[in-house]
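Fold and geometry: a report
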Amino acid sequence: MSRAISVLGATGSIGQNTLDLVARAPEAYRVVALTGGRNIAQLAADTRRFRAEVAVTSEPALLDDLRAALAGSGVEVAAGPQAIAEAAARPADWVMSAIVGFAGLAPGIAALGQGATLALANKESLVAAGALVKATAKAHGARVLPVDSEHSAVFQALVGEDMAAVERIIITASGGAFRDWPLEKLASATPEQAATHPNWDMGQRITIDSASMFNKALEVIETREFFDVDPDRIEVLVHPESLVHALVGFTDGALMAHVGPPDMRHAIGYALHWPDRGHVPVERLDLSRVAQLTFRPADEARWPALRLAREVMHQGGLSGCIFNAAKEIALDAFIARQIGFMDMARVVEETMTAMFTANCHKAAQLTLDTIVETDHLARERAGALVPLACN
Ligand code: NDP
Ligand code: MG
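This section reports on the structure supplied with the text. (Residues numbered from 1 in each chain as written. Chains lettered and ligands numbered in written order. Predicted model: local features only at pLDDT ≥ 70, side-chain atom pairs only at ≥ 80, totals over all residues. Heavy atoms only, no water.)

**Some thoughts on the sheet that holds strand S5 (residues 94–97)**
Hydrogen bonds between backbone atoms are what pair the strands of a sheet, whose relative direction is either parallel or antiparallel. What the seven strands build is an open sheet, ordered S4-S3-S2-S1-S5-S6-S7; its pairing is parallel. The sheet is open, and its two borders are formed by strand S4 (76–79) and strand S7 (144–146), each paired with just one other strand. Recorded for the sheet is a direction-independent mean angle of 20° between the axes of neighbouring strands. Across four bridges, strand S3 (residues 54–57) lies against S4 in parallel orientation. Of the residues in S4, the one forming a bridge with Ala-55 is Val-77. Contacts between helix H4 (residues 81–89) and the sheet are confined to strand S1 (3–8), strand S2 (29–36), S3 and S4, with S3 contributing the most and set at about 150° to the helix. (Pairing = 2+ DSSP bridges. Helix = DSSP H or I, 4+ residues; strand = E, 2+ residues; numbered from the N terminus. Axes fitted to C-alpha atoms, helices over the stretch in contact; angles between N-to-C directions. Contact = heavy atoms within 4.5 Å.)

**Comments concerning unusual backbone geometry**
Comment: phi is negative for the bulk of residues other than glycine, and the bulk of peptide bonds are trans. At the junction of Trp-274 and Pro-275, the peptide bond is cis and its omega measures out at 5° in the coordinates. Its location among the elements puts Pro-275 in the loop between helix H11 (265–273) and helix H12 (287–290). Here Asp-228, not a glycine, exhibits a phi torsion of approximately 55°, which is positive. Within the secondary structure, Asp-228 is located in the loop between helix H10 (214–227) and strand S9 (234–238). The phi angle at Ala-291 is positive, at roughly 65°, despite the residue not being glycine. Inspection of the secondary structure puts Ala-291 in the loop between H12 and strand S12 (296–297).

**A short note on the nonpolar core**
Ranked by internal contacts, the top residues of the largest apolar core, which has 133 residues, are Met-96, Phe-323, Ile-339, Phe-341, Met-344 and Ile-371. Among the elements that take part in this core, helix H14 (residues 319–335) stands out by supplying ten residues, more than any other. With sequence-adjacent residues up to four places away left out, Ile-371 is seen in contact with Phe-102, Leu-105, Ala-128, Ala-129, Leu-132, Leu-318, Cys-321 and Leu-366. (Core = buried A, V, L, I, M, F, W, Y, C linked by side-chain atoms within 4.5 Å. Buried < 20%, exposed > 50% of the residue type's maximum accessible area, 1.4 Å probe, protein only.)

**Examining H10**
Taking 1.5 Å of rise per residue, 14 residues should cover 20 Å, and H10 covers 20 Å from first to last C-alpha, within 8% of that figure. Phi for Asp-228, located one or two positions after H10, is positive at around 55°. (Expected span 1.5 Å × (residues − 1).)

**Quick look at the coordination of the magnesium ion (ligand 2)**
Looking at the magnesium ion (ligand 2), the protein donor atoms are Asp-148 (OD), Glu-150 (OE) and Glu-219 (OE), and they sit 2.1 to 2.2 Å from it. Taken in chain order, the donor set of the magnesium ion (ligand 2) reads D-x1-E-x68-E. Of this pair, Glu-150 sits in helix H7 (residues 149–157) while Glu-219 sits in helix H10, and the two are 69 residues apart along the sequence. The buried category is assigned to Glu-150, whose relative accessible area is 7%. Of the residues examined, Glu-219 reaches a relative accessible area of 1% and is grouped as buried. (Donors = N, O, S within 2.8 Å, 3.2 Å for Na, K, Ca; no water.)

Interpretation note: all reported values are geometric properties and have no functional meaning in isolation.
Have a look at this one:
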């Protein structure tokens, strides 16, 4: 029997890699919903190709274009954030959450609300609303599976293990585009330079976040939320080859490392086939040709985002939501050339300083409404700091 699946963020890098795997076994899947943003041509082409029931764009202004592109297909079309959440709520066995940013949270919650297994690429959901995501999954008997490569790696290393025997979790970072740049040059780095990644081929925003390590900062918090480990037990190592994705250290001294090529189809495929292992067409590593794997500590002067992540974990509550919102605004401002590369961390830190004491400890009030409101307030606050950041 085929499995009903939906892909949220189908037109993006993760979404396209997901559909690549689905296309290799079309008889195994029935596609319910595909959602996208501005890339209407891709959304329409994939909707026809996979015979999805419904196609939704986040952009109401593009609804007519989507309707025209799907004319005669009999497919339902819709637009806007609410329509995306409704599409996510349609009964499905497995839903890929691959919208970028905070916009991915509400659709993911909607998917969990109908009991679907949520394959979670959208790390922002766990950073901004980890408690809510986990409580929703629990209330509906739904499961969240990691798709971020590091978290998939940890998840795989933990199969059959007792969490009480886990001493530490180490996630690796390539170091991004500026790993080897002199520190003083970073202030003048451009968005184009930051948007090139040495090893991974990803969306623009996560690639820039890799250069600033905001991506790794989000992932440290994601690790805490996903595996419920004490923040002091989570470490980051710079690993330029991007072949070891994560390691788990146990009480007997063993370190279990997950090694694989930098191809997201591995982690997506693991979530798609879980609890089994399917056939996934990624490169098979020849370690004799790789020859060497190198590791070094992550320098917090170069990557202040890592220090900020620890502060977020220390505060808890709504602090992850504030951190993520400020990061998204700072990234927008950097892409728009309103602030420099190193100013991003300043905007985020100042937003945290301004908002943490007032807002962080409302842990009991972590409803979607509270989180959306806090996200909004943090965006306003960070936005007001942008013009000041470069002075
Ligand atoms: P992309 O930018 O490539 O794709 C983002 C997707 O979200 C696209 O389908 C885009 O539509 C859609 N989208 C953009 N804005 C909105 C919005 N406001 N509402 C609804 N949909 C929207 O991102 P990635 O695929 O790189 O990343 C997706 C998520 O996965 C992120 O959370 C990222 O951190 C995470 N991730 C990504 C990895 C990677 O290798 N790429 C690795 C690990 C995690 P359109 O393009 O049509 O405008
Ligand atoms: Mg990752």
